[in-house]
Each structure stands twice: as structure tokens, then as C-alpha cells.
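Each chain, letter by letter, is given below.
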Amino acid sequence: MTHKKQRLAILGSTGSIGTQTLDIVRRYGDLFEVTTLTARSRWEALVAQAIEFSPDNVVIADETYYPAVRDALADRPVKVYAGNDALEQVVRSEQVDTVVMALVGYSGLFPTASALRCGKKVALANKECLVVAGELITELSERHRAPIIPVDSAIFQCLSGERSEVEKVILTASGGPFLNRSADELRHVTVAEALAHPSWCMGAKVTIDSASLMNKGFEVIEARWLFGVDAGRIDVVIHPGSVVHSMVQFRDGAVKAQIGTPDMHLPIQYALTYPQRLPLEGRRLDFCELGTLEFRRPDTDRFPNLALAYECLRRGGCAGAVLNAANEVGVAAFLDGKIRFTDIARINEQTLSRMPQGRCSTLEQYRETDAAARETALSLI
């Protein structure tokens, strides 16, 4: 008896999550088929992937590189598209069962909404979709019976099979490369230092967010929408060892933790094969080698972005969209050497305080809020 392969559209296929997803496809070629690959500007890597995996469609979001991709794949039976609108279109294809959403930042919102409207399963590795528009995205998921399987969520693994009420969600953060730096030292850190994460290998944007604890703040907002827990039941603890990936406390006091090596292949594979677990090669934990596990409270004076995430949940409405837009502007400016590392949080806080409060209920309203927040953030650089 033959089984049907799961057909994947991998959005952001040349990035960290995308390339690791393709590692899993190579390992389990009998289970998965790649029908769509997309990249923002890394056209040569996209072409190489298309030659190896023979998808039906590829999309290069930066239209500048369309001729290069088209010409490189001219002798192959693959359709080549360009532009952000094409990202929303390819996920609707009847040749797609699962959309692996590995785009970075706000760019993932509209393709995710498009996929959910078509009832596609979304393996979500883009926290910003839920940070910006959590209420709308979860409503689309429920209305169209389109499951969202979070890729980077140990909480999801902790809750699998549980029927008990959750008392508390406990997110762990490594603390990044600046865990022990003073407030004054943080003002002078370099881009290279910020990109040197002690535990995880990620793209530049996510790595900077991790260093500023913004990434963990985004996880707080994501958890609120994914798991239906209010901010008062979401805690963050610093765990430099990056062994305990998150925990759930139940109403009887029991705590379940997801523990493992810092390797994203595992959660990506689980998101694709859920509820099954398949063999995965890689280093295993040796508890005797671990020794002790260290936990400490986060310092929101030195890392105010985490507190800003909780503030967004308190405010509700469009606050998450404002925070995400400001943060994307600030991180880009820091990577370009235009501002200090500590200015990212300053820009986030000031943008939140200057933008009017309001409720967004449509994608167009989120688009307008995002644009206005970016303009405000740019004025603060």
C-alpha cells in the first residue's frame, strides 16, 4: 500500500529554518515532496535548491533577480514568479498540503493569512504573524479549520496529548551573548558581538532579537495566541544552558519540560510529522555530563524589550503591530551601523508611546498600522 507524500511549500527556503527543513526532506524523501520554494534575494541558493528538488514553482520576492532566476531555470519544468504578491498566490495551489512559513518578520503575515484561508496546514516558524495580528490569524485558523503547528515552540510539544488545564507557561531564554554585560557595556557592543549567539545558529534578524530579548518577548505574545493563556500566566526565565527549551505547569503543580540539544531539526521535523515522531540523527543529551541546570530571572532594566512585549499584551489592539514594525526598523538600523544596540529598545518604546491606540480587524488596517509605525520609528533614528 502506497502512502501520499506531504506536499510542501517552503517560504524562506534559503534561510536557516528553510535549509534545515530541506535536510529533513532529503532524509525522508518517501514522505515529503517540495512543490514550492521561495527566497527574498538569495537567488543563486534558490536556483540550486530548485535544481535539486524540482518544485513546481519558485518565487524570488526581490523582482530585481527575476531575470537571473528565470534564465537559470529556463530548461527545467518549473514556473518562476517574482514579487510579494506571488508569495500569497503560490500557497493557494492545490499542489500544496503544508506551508512551512520560514519568512522573517512582517513579510510572513499576508502569505500566512492566504494559506489559512485555503485551509492549508501551516508549520509556523514566524512569530511575527501572531505578534502583529494574533487575533486575526487565530480566527482564520479556526474558521477555515486550517491547523497552525508552531515550529519553534517547546510548549506545543509539552502540551501534546495533555487534556489538563494549564496553570502557567514558562518560556526559557538563553540570555544571548550579552547576559552578563552591564547597562553601560551594552551601549558599546558591536554588531559582530551581537551576532555571536552562544547556543543557536540563526539568521541575523532573529539573532539580534535574541540578544535584546525581543525574540523572547515575541514568544510571550505568540504563546498568548497559540495556547489561549493570558499574560499573567506566561513567565520567562533565563536558562543559559539552552537544554530546557520551555515548560508547562499544570493546576496540580506538575511541571512538564521539553529538554534537548539546541538543534532546530527536531522541532521542524516534529511540526511536519505531528503527532508522530520519526527517527532523527544527531547528538543526544548525556544528563551525567550536564551537571547542574542554571535558571535566573530576566533583567528587564537592561533588556526592556521583554517588558514591552508584556505591555503590548496589556494594551491589545494594534500594539503588537507597532512594536514589530519599530523593532524591524531598529534592528536594520543597528545592523547597518546607524544606531547603538541599546537604541533598538529606545526606538521600540518611543514608537509605542507616540502611536495612537486602536484596534485592527482587517489585514489592510494592519498594513496601514505597520507603515505608520515604520515611519515613526525611522524618524527616531
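That block above? That's the structure.
Computed from a prediction, not measured in an experiment: that's the story for all the values here.

Q: Just checking my understanding: could you explain the nonpolar core for this structure?
A: Buried together is how nonpolar side chains tend to be arranged in soluble globular proteins. In terms of nonpolar packing, the biggest core is built from 35 residues, with Val169, Leu171, Phe178, Ile234, Phe334, Phe341 and Ile344 touching the most fellow members. Contributing elements (two or more residues each) for this core: helix H7 (154–159), strand E8 (166–173), helix H10 (204–211), helix H11 (214–227), strand E9 (234–238), strand E10 (244–250), helix H15 (319–335) and helix H16 (343–354). With 5 residues, H15 is the single largest residue contributor to this core. Ile234 has contacts with Val169, Leu171, Val220, Ala223, Arg224, Val229 and Tyr310, leaving out every residue within four places of it along the chain. Ranked by size, the runner-up nonpolar core spans 34 residues in total, among them Val59, Leu109, Leu116 and Ala321.

Q: I would appreciate a short explanation of the packing of aromatic side chains in the present structure.
A: Two measures describe an aromatic ring pair: the distance that separates the ring centres and the angle between the ring planes. For the structure on display, the rule yields 6 aromatic pairs. Relative to Tyr270, the ring of Phe156 lies with its centre 6.2 Å away and its plane at 55 degrees, an arrangement referred to as tilted. Taken together, the positions of Phe156 in helix H7 and Tyr270 in helix H12 (residues 265–273) put the pair 114 residues apart, joining distant regions of the chain. For Phe156, a relative accessible area of 13% corresponds to the buried category. In textbook terms, an aromatic cluster arises when at least three aromatic residues are bridged by ring pairs, as seen for Phe156, Tyr270 and Tyr274. Lying over the aromatic face of Trp225, Arg224 brings its terminal NZ or CZ to 4.0 Å of the ring centre.

Q: Before we go on, may I ask you to explain unusual backbone geometry in this structure?
A: Across the chain, the bulk of peptide bonds are trans and the bulk of non-glycine residues have phi less than zero. With omega at 10 degrees, the peptide bond leading from Tyr274 into Pro275 counts as cis. Among the secondary structure elements, Pro275 is positioned in the loop between H12 and helix H13 (287–290). Residues other than glycine seldom take positive phi values, yet Ser54 does so here, at roughly 50 degrees. The backbone of Leu213 shows a phi angle near 65 degrees, a positive value even though the residue is not glycine. Relative to the helices and strands, Leu213 resides in the loop between H10 and H11.

What counts, and where the lines are drawn
Residues numbered from 1 in each chain as written. Predicted model: local features only at pLDDT ≥ 70, side-chain atom pairs only at ≥ 80, totals over all residues. Heavy atoms only, no water. Core = buried A, V, L, I, M, F, W, Y, C linked by side-chain atoms within 4.5 Å. Buried < 20%, exposed > 50% of the residue type's maximum accessible area, 1.4 Å probe, protein only. Helix = DSSP H or I, 4+ residues; strand = E, 2+ residues; numbered from the N terminus. Contact = heavy atoms within 4.5 Å. Phe/Tyr/Trp six-rings, centres within 6.5 Å; stacked < 30°, edge-to-face > 60°. Lys NZ or Arg CZ within 6 Å of the ring centre and 35° of its normal.

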